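Coordinates in review
Residue-level listing of the chains:
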Amino acid sequence: MGTDIIDPWGATGIKDYQQTMEQFGIEPLADVIDQIPQPHRLMRRSIILGHRDFGRIAKAIRNDSDFALLTGLMPSGKFHFGHKLVADQIVYYQQQGAEVYVCVADVEVHNTRQVSIEEARDIAIDQYLTNYIALGLKPENCHFYFQSEGPRDYQVLSKLLADKITLNEMEAIYGDLEPGKIISILTQIADILYPQMKSEGGPRPTITPVGFDQDPHARLTRDVVSRVQSNYGFIKPSFTFHKFMRGLKGGKMSSSDPQSYIALTDSVQEALDKIDQAKTGGRDTAEEQREKGAVIEEDTVFEMLAYHLIEDDQELKEIQERYTAGDMLSGELKQICKDKMRKFLARHQQQRAEVEDRVDEFLN
Ligand code: TRP
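None of the values given here were measured: they were computed from a predicted structure. Along every chain, residues carry numbers that run from 1 in the direction the sequence is written. In view of the model being predicted, local features appear only for residues whose pLDDT reaches at least 70, and side-chain atom pairs are presented and counted only at 80 or more, with totals across whole chains, interfaces and linings using the full set of residues. Only hydrogens and water are removed before side-chain values are computed, so all heavy atoms of the structure are retained for them.

Some words on the environment of Pro216
Working definition: helices are DSSP H or I runs of at least four residues, strands are E runs of at least two. Numbering for both runs from the N terminus. Position of Pro216 among the secondary structure elements: in helix H10 (residues 215–227). Given a relative accessible area of 0%, Pro216 falls into the buried group. When the C-alpha atoms of Pro216 and Phe24 are compared, they prove to be 9.3 Å apart, with 192 residues separating the residues in sequence. Two residues form a contact once any of their heavy atoms are found within 4.5 Å. In this structure Pro216 touches Ile6, Pro8, Ile173 and Tyr174, once residues within four positions along its chain are discounted. The cut-offs for exposure are 20% and 50% of the maximum accessible area for each residue type, with area from a 1.4 Å probe on protein chains only; residues under the lower value are buried, those over the upper are exposed, and the others partly exposed.

Right, dumping it as structure tokens:
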């Protein structure tokens, strides 16, 4: 597979984010975050690293004008800290005034990962929605829908888009295709455009936060918008792209390998054990560590702190400095992470228990 293809269903992931951004014309988010009043932690730390047309969204936030967030989830396996990246962004944009659309990609997960529609529904509610609510998602101004049963105009759009795209064009973007993937692509484009349909109030800026692997869909959607311009008048949707959290053992975080992630429903003890086993950027001996300092880029424990467990930039910076200077050993870093993880999970799981019976408010 050539370097000009990103496979959203592939197992490899993105090797070099900078190169990917340059190659596909994704802009650095750091250049525009000054345009919004309260950039999110993930933005300030360049974990959300790239964007397309974020300026439109920044403007809507500043002017308090109408905009929508739409993003989708693939309901398979447990909800872990990698998935929490998207959840945090959904809650953030809702707080910034967005009307929120969350799409459950049950058709996609059925067609590409052999999960049944019923199973996908249960996972979406028990794992994703319940955790989203515990993390702060509110039912007001929030639409939660399933690809298999979304509104009629959206279903129709997903099918009629077929004559706006050729197979050659799709294969140039995605590589080899099969029917299940083609349906997923058309459906996802309709998902992204749905908040701008007439039934939803018509054209307006939208933001879709995703991982870099979803950029092929972003590019194709933005291209297709100009082809249906005379019928729908859609505004080109905006996107941000976040880096992926690595697995706790290094390598990919994967739903099929429970040791590679911490789920938000893991017990505190399970989570602490996983942190104990996690790959750090510490040196082989304490002596060497004091002399050379840690290789922070390789440290999955520091990553957990930076992505999720420390909100205060100054606090994070001090830890980073001590750790890379050799004034802190990996054991101490792990202890910090374990203390924060214990508190986070205890609080989160209590919130989860409290909101469990509120899922119905989101399901009409
Ligand atoms: N394909 C996405 C994933 O693999 C899920 C998804 C479906 C999605 N529809 C979407 C993401 C619309 C963003 C916008 O996770």
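Brief notes about the packing of helix H12 (residues 268–277) against helix H16 (residues 330–355)
Between H12 and H16, whose axes approach to 10 Å, the crossing angle comes to 160°. Classed by the angle they form, the pair H12 and H16 counts as roughly antiparallel. In the crossing of H12 with H16, the sense of the turn from one axis to the other is right-handed. Residue-level contacts link Val268, Ala271, Leu272, Ile275, Asp276 and Gln277 of H12 to Lys334, Cys337, Lys338, Met341, Arg342 and Leu345 of H16. When residues are sorted by character, Ala, Val, Leu, Ile, Met, Phe, Trp, Tyr, Cys and Pro go into the nonpolar class, Asp, Glu, Lys and Arg into the charged class, and all the rest, Gly among them, into the polar class. The residue makeup of the contact of H12 with H16, split by class, is seven nonpolar, one polar and four charged. What counts as an axis is a line fitted to C-alpha atoms, over the stretch in contact for a helix, and the angles between N-to-C directions run from 0 to 180 degrees. Angle categories are assigned with fixed cut-offs, so that under 35 degrees is roughly parallel, over 145 is roughly antiparallel, 65 to 115 is roughly perpendicular, and the rest are oblique. By definition, any crossing whose near helix is turned counterclockwise from its far helix by less than a right angle is left-handed, and any crossing with a clockwise turn is right-handed.

Quick look at the site of the ligand
We call a residue near a given molecule or strand whenever any one of its heavy atoms falls within 4 Å of it. Neighbouring the ligand are 13 residues; Met74, Glu108, Gln188, Asp191 and Gln214 lie closest to it. Between the ligand and Gln188 there is a distance of 2.8 Å, counted from a nitrogen atom to a side-chain nitrogen or oxygen. Polar contact is defined as a pair of N or O atoms within 3.5 Å, subject to the rule that within protein one atom must be able to donate a hydrogen and the other to accept it, and that residues adjacent in sequence are counted only when both atoms are side-chain atoms. Within the side chain of Gln214, one N or O atom sits 3.0 Å away from a nitrogen atom of the ligand. Expressed as a share of its isolated accessible area of 360 Å², the protein-covered part of the ligand is 91%. By residue class, the composition of the shell around the ligand is five nonpolar, six polar and two charged. For the accessible areas, the method is Shrake-Rupley and the probe is 1.4 Å, while residue cover comes only from the protein chains on display.

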